[in-house]
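Listed below are the residues making up each chain.
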Amino acid sequence: MPKKFIQRIMPSHDSVRASRGMKIFGKLLHDANLWHLNRRSAAGAFAVGLFCAFIPVPFQMVLAAALAIPFRVNLPLSVALVWVTNPITMPVIFYFCYLVGNSLVGSPEQQFSFELSWQWLAESISTISPAFLLGCLILGTITCIVGYFTISLLWRQSVVNAWQARKARMLAALKLGDNDHHRQ
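Draft legend 1. Region of interest: the overall build of the protein. Within the protein, the regular secondary structure consists of 8 helices and 0 strands. Going residue by residue from the N terminus, the α and β elements of the protein occur as α-α-α-α-α-α-α-α. Residues classed as buried in the protein amount to 36% of the 184 residues present. Considering only contacts within the protein whose residues lie at least 6 apart along the sequence, 70% involve residues at least 24 apart.

Next comes the structure, spelled out in structure tokens:
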């Protein structure tokens, strides 16, 4: 079940290779391990993609690809998962990151309005940036770990369920075969 679902939502190899930001990786994208989908590569891709989603830079997809390559996890899934923080969810998620970081730093709450630009980053570096970046790091790490273990467990459970279903079918076929044998 997880494999089929993930394959449905994952971007195609060609679309990832053809994207402008991925051209910088050149022949590294030809490694077959980056395109396989198994429990390890999917769980690792969730970890990489979710962590990169919490990094407040404009090139999250390129960053996810850059991390997927040395970790040898599924690249299209890693790249797709950075869209957890999209233009609709980004303000809420990044404001929550700021609140988490601010509560740990203990500084007074500042006015916060997030923009995905270098100018915003440069202007806010001295005021909200320490709390915001700490919150991003903490929440990115937490979602990375939770995503990895959740996908690993879901994948393992689906394999166990498939094996149990196969065993039940085989037992049913054996019983049916015994009944036919006794009738003769």
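Draft legend 2. Looking closely at the nonpolar core. Core analysis: the biggest nonpolar cluster contains 23 residues, and Ala 42, Phe 46, Leu 75 and Leu 77 have the highest contact counts within it. Listing elements by their share of this core, those giving two or more residues are helix H3 (39-53), helix H4 (60-71), helix H5 (75-81) and helix H8 (129-183). Ranked by residue count, the leading element in this core is H3, at 7 residues. Formed by 14 residues, the second largest nonpolar core is a distinct cluster that contains Met 90, Ile 93, Tyr 98 and Trp 120.

Draft legend 3. Representation of the packing of aromatic side chains in the model. Taken as a whole and assessed by the stated rule, the structure comprises 3 aromatic pairs. Aromatic pair Phe 94 and Phe 132: ring centres 5.4 Å apart, planes at 85°, arrangement edge-to-face. Placement of the pair is Phe 94 in helix H6 (residues 90-105) and Phe 132 in helix H8, with a sequence separation of 38 residues. Assigned by exposure class, Phe 94 and Phe 132 land together as buried. Look at Tyr 95 and Tyr 98: their rings are 6.3 Å apart centre to centre, the planes differ by 35°, and that puts the pair in the tilted class. Of this pair, Tyr 95 and Tyr 98 both sit in helix H6, 3 residues apart, which is roughly one turn of the helix. Residue Tyr 95 is classed as partly exposed on the basis of its relative accessible area, which comes to 31%. Under the relative-accessibility criterion, Tyr 98 is labelled buried at 1%. Over the ring of Trp 163 we find Arg 166, and its NZ or CZ is 4.9 Å from the ring centre.

Draft legend 4. Region of interest: unusual backbone geometry. The phi dihedral of Arg 72 is positive, around 55°, even though this residue is not glycine. Within the secondary structure layout, Arg 72 lies in the loop between H4 and H5. With a relative accessible area of 39%, Arg 72 lands in the partly exposed category.

Draft legend 5. Region of the structure containing H3. The end-to-end C-alpha separation of H3 is 21 Å, in line with the 21 Å expected for 15 residues at 1.5 Å each. The buried fraction of H3 amounts to 12 of the 15 residues, a majority that puts the element mostly inside the structure. Structurally, the start of H3 carries an N-cap: the backbone nitrogen of Arg 40 is 3.2 Å from a side-chain oxygen of Asn 38.

Draft legend 6. Spatial organisation of the side chain of Gln 60. Take Gln 60: it is sitting in helix H4. A distance of 3.4 Å separates polar atoms of two side chains, one belonging to Gln 60 and the other to Thr 85. With residues up to four places along the chain from it excluded, the contact list for Gln 60 reads Cys 52, Ala 53, Phe 54, Ile 55, Val 82, Thr 85 and Phe 94.

Draft legend 7. Quick peek at H6. An ideal rise of 1.5 Å per residue puts 22 Å on 16 residues; H6 measures up with 22 Å between its terminal C-alpha atoms. Buried within H6 are the following residues: Met 90, Ile 93, Phe 94, Cys 97, Tyr 98, Val 100, Gly 101 and Asn 102. One or two positions beyond H6, positive phi appears at Gly 106, with a value near 80°.

Draft legend 8. Representation of the environment of Ser 41 within the structure. Assignment of secondary structure puts Ser 41 in helix H3. For Ser 41, a relative accessible area of 3% translates into the label buried. In the structure, Ser 41 is positioned 37 residues away from Ser 78 in sequence and 9.5 Å away in space, judged by C-alpha atoms. In this structure Ser 41 touches His 36, Val 73 and Asn 74, once residues within four positions along its chain are discounted.

What counts and how
- Residues numbered from 1 in each chain as written.
- Predicted model: local features only at pLDDT ≥ 70, side-chain atom pairs only at ≥ 80, totals over all residues.
- Heavy atoms only, no water.
- Helix = DSSP H or I, 4+ residues; strand = E, 2+ residues; numbered from the N terminus.
- Buried < 20%, exposed > 50% of the residue type's maximum accessible area, 1.4 Å probe, protein only.
- Contact = heavy atoms within 4.5 Å.
- Core = buried A, V, L, I, M, F, W, Y, C linked by side-chain atoms within 4.5 Å.
- Phe/Tyr/Trp six-rings, centres within 6.5 Å; stacked < 30°, edge-to-face > 60°.
- Lys NZ or Arg CZ within 6 Å of the ring centre and 35° of its normal.
- Expected span 1.5 Å × (residues − 1).
- Polar contact = N/O pair within 3.5 Å; in protein donor to acceptor, adjacent residues only side chain to side chain.

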